[in-house]
Amino acid sequence: MYNGIRRAAAAVFAASALALVAACGSGASDAKDANPGGETSAASEPTSEPLSSREAEKALLADSDLPTGWKRDPELVIDGSEQAAPEDLLAKPADATCQPLVDLFNTGRIDADYKANAQAVFLKGESMISQDVSAYSPDQAERAMTALGKAIDECGTFDSKFGGGKAKVTTKTLEVEGFGDETYGFSLKVEYGDDMVVDVEYGVVRDGANTTNVQNNWVDDRGIEAFEKGLAKAAENLVRD
């Protein structure tokens, strides 16, 4: 089951069972451990004004922004919080510090109280690149990113529920290029059931009041080129001179 991806016009996205991969056959363990982010680009002076809904849509990636073979499915969104069955979402963790990771996994956003939002999902074979663009107040965006950074630092492993049973979630920092005011790179591995795993890599960028999150939800082909290219273009679309 793909992480959190849902059909915009349906109650449940019936994803291919092939996306449920054995732990021995996939994993984020080969992601490079590095500074989890917080890097700032000095290329421009970011605005603190939140994007409008139209501007958030315009900040989404297009097929041409990714390597050949990636295509957007207009019926898919990341957010499963209102459409998915409880077993398809990560459950609330015992440690509230880890909640931002659970929220990001379930919805694609760093905070539920957004002013504007747009999401896109791109498919190639059994793998996915997805993007969220969200607008908040400046203070709210900063607080949410701070909470996310703390979760990345302090929630190396935590227990949750997924797929109808117990799940172990492992967080690792991921080396990504820095953009805007803040950039975090990290991966989540959700292990559950009989040797089942969901692997997702994240690049989250804040520029003033606005954020973009690019997710690499991979199966047999990690798609790192598409992830890195998509993150760079997503940041370019977000950061306004």
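In what follows, the structure referred to is the one given above.
Everything in this summary refers to the structure shown in the same document. Note that the structure is predicted; figures quoted are calculated from it, not measured.

**A few points about the state of the cysteines**
Defined simply, a disulfide is a covalent bond joining two cysteines at their sulfur atoms.
Logical step 1: Applying the stated criterion across every chain yields a total of 1 disulfide.
Logical step 2: Covalent S-S linkage joins C98 and C155, the inter-sulfur distance amounting to 2.1 Å. Given an S-S torsion of about -100 degrees, the disulfide between C98 and C155 has left-handed geometry. Note that C98 is positioned in the loop between β4 (76-77) and α2 (99-107) and C155 in the loop between α3 (138-154) and β7 (157-162), a separation of 57 residues in sequence.
Logical step 3: Judged by relative accessible area, which is 1%, C155 ranks as buried.

**Side note on the packing of aromatic side chains**
Logical step 1: Counted according to the given criterion, the structure contains 3 aromatic pairs.
Logical step 2: Among the aromatic residues, ring-to-ring pairing joins F105, F162 and Y192 into one connected group.

**Focus on the packing of α2 against α3**
Two packed helices can be described by the angle between their axes and the distance between those axes.
Logical step 1: Their axes nearest at 8 Å, the elements α2 and α3 cross at an angle of 105 degrees. Accordingly, the angle class assigned to the pair α2 and α3 is roughly perpendicular. Here P100, L101 and L104 of α2 lie close against α3, whose contacting residues are A147, L148, A151 and I152.
Logical step 2: The residue makeup of the contact of α2 with α3, split by class, is 7 nonpolar, no polar and no charged.

**A closer look at the nonpolar core**
Logical step 1: Counting 28 residues, the largest nonpolar core has L101, F105, L148, F186 and V190 as the members making the most contacts within it.
Logical step 2: The set of elements that each furnish at least two residues to this core consists of α2, α3, β7, β8 (165-173), β9 (182-192) and β10 (196-207).
Logical step 3: If one sorts the elements of this core by residue count, α3 sits on top with 6 residues.
Logical step 4: Non-local contacts of L148, meaning those with residues more than four positions away in its chain, are made with P100, L101, L104, I110, Y184, F186 and V204.
Logical step 5: If you look at the next biggest cluster of nonpolar residues, it comprises 25 residues, including L61, A118, I129 and L231.

**Describing the pattern of salt bridges**
Logical step 1: With the rule as written, the count across this model stands at 5 salt bridges.
Logical step 2: The shortest N-O distance in the salt bridge between K189 and D199 comes to 3.5 Å. On the criterion of sequence distance, the pair formed by K189 in strand β9 and D199 in strand β10 is long-range, its members being 10 residues apart. Take K189 and D199: they sit in the same class, and that class is buried.
Logical step 3: Between E236 and K233 there is a salt bridge, with the nearest N and O atoms lying 3.3 Å from each other. With E236 and K233 both in helix α4 (residues 224-238) and 3 residues apart, the pair spans about one turn of that helix.

**Observations regarding unusual backbone geometry**
The general pattern is negative phi for most residues beyond glycine and trans for most peptide bonds.
Logical step 1: At D195, a position not held by glycine, the phi torsion is positive, near 60 degrees.
Logical step 2: With respect to the helices, strands and loops of the structure, D195 is situated in the loop between β9 and β10.
Logical step 3: Judged by relative accessible area, which is 56%, D195 ranks as exposed.

**Quick look at the pairing of β10**
Logical step 1: For β10, the tally of buried residues reaches 11 of 12 residues, placing the bulk of the element in the interior.
Logical step 2: As paired strands, β10 and strand β11 (residues 210-218) are joined by 9 bridges and run antiparallel to one another. Each residue of the ladder has a partner; that of V200, found in β11, is N217.
Logical step 3: Linking β10 to β11, which pair antiparallel, is a turn of 2 residues; within it G208 sits at a positive phi near 60 degrees.

**Details of α4**
One full turn of an α-helix is made of 3.6 residues, so residues set three or four places apart face in the same direction.
Logical step 1: In a regular helix each residue adds 1.5 Å, so 15 residues correspond to 21 Å; α4 covers 21 Å between its end C-alpha atoms and thus fits that length.
Logical step 2: Where α4 is concerned, the buried positions are A226, F227, G230, L231, A234, A235 and L238. Considered in projection along α4, the buried side chains sweep an arc of 155 degrees and stay on one side of the axis. Structural note: α4 exposes E225 and E236 on the side pointing more than 90 degrees away from its buried face.
Logical step 3: Contact partners of the buried residues in α4: β6 (127-135), β10 and β11.

What counts, and where the lines are drawn
Residues numbered from 1 in each chain as written. Predicted model: local features only at pLDDT ≥ 70, side-chain atom pairs only at ≥ 80, totals over all residues. Heavy atoms only, no water. Disulfide = S-S within 2.5 Å. Helix = DSSP H or I, 4+ residues; strand = E, 2+ residues; numbered from the N terminus. Buried < 20%, exposed > 50% of the residue type's maximum accessible area, 1.4 Å probe, protein only. Phe/Tyr/Trp six-rings, centres within 6.5 Å; stacked < 30°, edge-to-face > 60°. Axes fitted to C-alpha atoms, helices over the stretch in contact; angles between N-to-C directions. Parallel < 35°, antiparallel > 145°, perpendicular 65-115°, else oblique. Contact = heavy atoms within 4.5 Å. Nonpolar A, V, L, I, M, F, W, Y, C, P; charged D, E, K, R; others polar. Core = buried A, V, L, I, M, F, W, Y, C linked by side-chain atoms within 4.5 Å. Salt bridge = Lys/Arg side-chain N within 4 Å of Asp/Glu carboxyl O. Pairing = 2+ DSSP bridges. Expected span 1.5 Å × (residues − 1). Arc of directions from axis to C-beta.

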